[in-house]
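Fold and contact review
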Amino acid sequence: MPPAASDAAFAVAFTHRLRFTRDVLDPANPVLSEVLAPAEGSPGKLLVFADEAVLQNWPTIAPRLEKHLAANLPWMTLAGEVTSVPGGEQAKNDWSVFEQVARMICESSICRHSFVMAIGGGAVLDAVGFAAATAHRGVRTLRLPTTTLAQGDGGIGVKNAINAFGHKNFFGTFAVPWAVINDEQFLSTLSDRDWRSGISEAVKVALLKDSAFFDYIEQIAGQLARRDETALRPIVRRSAELHFQHIANGGDPFELGSHRPLDFGHWSAHKLEALTSNRVRHGEAVAIGIALDSLYAARIGLLPEQDAIRAVNTLRIIGFDLYDDALTDTSLFEGLEEFREHLGGRLTITLPDGIGRQVDVHEVERDEMLAAIDWLKSLVESRRSRTA
Ligand SMILES: NC(=O)c1ccc[n+]([C@@H]2O[C@H](COP(=O)([O-])OP(=O)(O)OC[C@H]3O[C@@H](n4cnc5c(N)ncnc54)[C@H](O)[C@@H]3O)[C@@H](O)[C@H]2O)c1
Ligand SMILES: [Zn+2]
């Protein structure tokens, strides 16, 4: 008789590759060849999708990539043209990019040992990555993030998603990309808004994990406000490293538990994005979410008040607008339940209990949160009236 039940635990090893470089397509740049070397002998097909704004600003991507492959990776060929996909949140607000990518994977006879390359902001990486992760149950993906947010956070992770039913990231998978290549050159063509936006994720991870990093961001906040590229580079890099280490060594890369420190400030951020129909960008919403949860942490006695004020001031000096009227929308608090549902299990919100330290809480006191919203509003308004 076969046994009536069988349990077997098994583990699958992944390699998460992250590289920092400048001008990855330069024929003399070895990064692409180095990350692809372990795949030599595979079908050698590369299907490329790029954010339309990136292609507009970097129109020679396709011919340069072709030259780069010919010079360095003769076993690899481009499958068709480099395909432009709409950039920004619209890329993941419906199925159109997903369908476009899936169809091209099918029509270009891309198999599970071929590669899809996604070049773009976090939204394009999410939508292209989701299609690639589900076509044939998972095609190898190379990510080239092109925004501060995607290079410091979104592109580093092992998740992809599109939005549905009014919920952020409703459909998506966990899928470890073959490699993530951060090419700092791309950041030079970002709008000021998108250049600044991703810095909030660096402040987020610094507040929770690295007080020296927070001190450093605080010191150079004025330079960041003036769009100083040399000031930005170490910030994006440290943010990427902290996110990368969390995934690789944090013990829960596929988020099976409910402890999600990297989502500090995100319960309200995700809701703000939805309530404002993406008028407020993800990184901007995260800046508001971090400021709000820091003030809340101070109100409930977790975080010293001066530390909460330092967090708010640093974000403000960098140039974030930390108050939006959508914070008073009565449905804001639905964001908490939506956040819990998305995580699974018990509501778990990570808050700082000191700069560089973190603690999980499992409930939010509504009156205290409402008071934190008022406090944030008064801090922002008093500043606005002083600078008016
Ligand atoms: N998968 C994850 O783990 C994860 C983590 C964090 C955030 N995200 C997601 O990332 C998204 C936000 O990403 P984002 O902040 O990169 O914004 P984005 O992808 O919305 O891009 C912002 C704008 O910049 C343009 N752009 C991109 N690169 C450019 C360049 N080099 N030059 C000029 N313009 C350029 C885009 O076309 C778009 O208009 C959100 O949807 C968020 O949910 C995902
Ligand atoms: Zn985020």
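Quick summary incoming for the structure in this document. (Residues numbered from 1 in each chain as written. Chains lettered and ligands numbered in written order. Predicted model: local features only at pLDDT ≥ 70, side-chain atom pairs only at ≥ 80, totals over all residues. Heavy atoms only, no water.)

A word on the overall build of the protein chain. Within the protein chain, the regular secondary structure consists of 16 helices and 11 strands. In terms of overall size, the protein chain behaves like a compact globule, its C-alpha atoms giving a radius of gyration of 21 Å where 388 residues would be expected to give roughly 21 Å. C-alpha atoms of the protein chain, sized along the principal axes, occupy 70 × 60 × 35 Å. Taken across its 388 residues, the protein chain has 53% of its residues classed as buried. Contacts in the protein chain between residues at least 24 apart in sequence constitute 79% of all its contacts with a sequence separation of at least 6. Summing over all exposed atoms, the protein chain offers an accessible surface of approximately 17,000 Å²; the carbon and sulfur share of this is 51%. (Helix = DSSP H or I, 4+ residues; strand = E, 2+ residues; numbered from the N terminus. Rg over C-alpha atoms; globule rule 2.2 N^0.38 Å. Buried < 20%, exposed > 50% of the residue type's maximum accessible area, 1.4 Å probe, protein only. Contact = heavy atoms within 4.5 Å. Areas by Shrake-Rupley, 256 points an atom, 1.4 Å probe, with all protein chains shown as cover.)

Next up on the list: the pattern of salt bridges. Following the criterion strictly, the structure yields 26 salt bridges and no others. When the shortest N-O distance is used, the salt bridge between Asp-215 and Arg-310 registers 2.9 Å. On the criterion of sequence distance, the pair formed by Asp-215 in helix 9 (residues 211-219) and Arg-310 in helix 14 (residues 305-318) is long-range, its members being 95 residues apart. Take Asp-215: its relative accessible area is 33%, and that puts it in the partly exposed class. According to the relative accessible area criterion, Arg-310 is partly exposed, its value standing at 25%. For the salt bridge of Glu-368 with Arg-299, the shortest nitrogen-to-oxygen distance reads 2.6 Å. Of this pair, Glu-368 sits in helix 16 (residues 366-387) while Arg-299 sits in helix 13 (residues 282-299), and the two are 69 residues apart along the sequence. (Salt bridge = Lys/Arg side-chain N within 4 Å of Asp/Glu carboxyl O.)

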